[in-house]
Amino acid sequence: MNTANKIYAPSHIKEYVKPIQGKNKFFSETIDSEFTFAYEVNCTCGNKELIVYKNCEPKVTAYCESCGRTITIYDLIEYPCAVFLENREEYSLEKVTNENCDRFNIAIIFEYSDEFALDDKEFDENDVTWCQIYLYDNVYTQSIMLVDDETA
């Protein structure tokens with residue numbers, strides 16, 4: 001099956017992602033699994049430099065100063081196979097900074113289980129098993145791994 005043009009991403013972020021293929025500024029690893037997908041996050045207004053917030057769960061959101069939209073980048077509550085505490089306490093989100101920089105380009109990598117083929121009717125795009133989030137600081141030309149989390 002040709003998956004090159006299809007977006008496989010959880011519903012909460014699908015409209016904000018564009019595929020990353022080949023060499024990029026975020027990470028050096030090669031994505032060679034048919035169940036792993038890498039994307040750059042862009043606001044629907046076109047802004048690519050976002051203010052990022054994270055807590056210890058980890059939950060990650062991004063705020064677009066251009067249009068005022070808040071984008072949920074990663075939240076375990078969105079994923080059916082995620083393991084989290086049912087009565088979890090809400091941890092406050094803290095702004096992510098690097099030196100004095102607080103605007104980043106964002107890349108996200110989603111990995112899915114190989115239990116179902118991607119075109120199988122039982123495949124669920126929200127059923128993420130692993131996630132990595134990278135930030136790129138354009139001021140310091142530096143890539144930063146923000147999240148490396150197994151959801152199941």
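Preceding this paragraph is the structure being described.
First, a word on scope: everything that follows refers to the structure included in this document. Because the structure is a prediction, the values reported are computed rather than measured.

Definitions and limits used
Residues numbered from 1 in each chain as written. Predicted model: local features only at pLDDT ≥ 70, side-chain atom pairs only at ≥ 80, totals over all residues. Heavy atoms only, no water. Buried < 20%, exposed > 50% of the residue type's maximum accessible area, 1.4 Å probe, protein only. Helix = DSSP H or I, 4+ residues; strand = E, 2+ residues; numbered from the N terminus. Pairing = 2+ DSSP bridges. Axes fitted to C-alpha atoms, helices over the stretch in contact; angles between N-to-C directions. Contact = heavy atoms within 4.5 Å. Polar contact = N/O pair within 3.5 Å; in protein donor to acceptor, adjacent residues only side chain to side chain.

1. Considering the pairing of strand β7 (residues 105-112)
Here is step 1 of the chain: Of all the eight residues making up β7, seven are buried; the element is thus mostly covered by neighbouring parts of the structure.
Here is step 2 of the chain: Relative to strand β8 (residues 128-137), β7 runs antiparallel, the two sharing eight bridges. Bridge pairing in β8 places I109 opposite Q132.

2. Let's talk about the sheet that holds β8
Here is step 1 of the chain: Read across the sheet, five strands follow the order β1-β2-β7-β8-β9 without closing on themselves; strand pairing throughout is antiparallel. Of all strands in the sheet, those bounded by a partner on one side alone are β1 (17-19) and β9 (142-150). Direction aside, the axes of adjacent strands within the sheet are offset by 25° on average.
Here is step 2 of the chain: Relative to β9, β8 runs antiparallel, the two being bridged by eight bridges. Residue D137 lies in a different strand from β9, and its bridge partner there is Q142.

3. Let's talk about the environment of N126
Here is step 1 of the chain: Residue placement: N126 occurs in the loop between β7 and β8.
Here is step 2 of the chain: In this structure the C-alpha to C-alpha distance between N126 and K18, which are 108 residues apart in sequence, comes to 17 Å.
Here is step 3 of the chain: Residues contacting N126, with those up to four places away along its chain left out, are P10, S11, E78, Y79 and P80.
Here is step 4 of the chain: Here the side chain of N126 touches S11 through a polar contact of 2.8 Å, landing on its backbone nitrogen.

Don't take any of this as a statement about function, it's just geometry.
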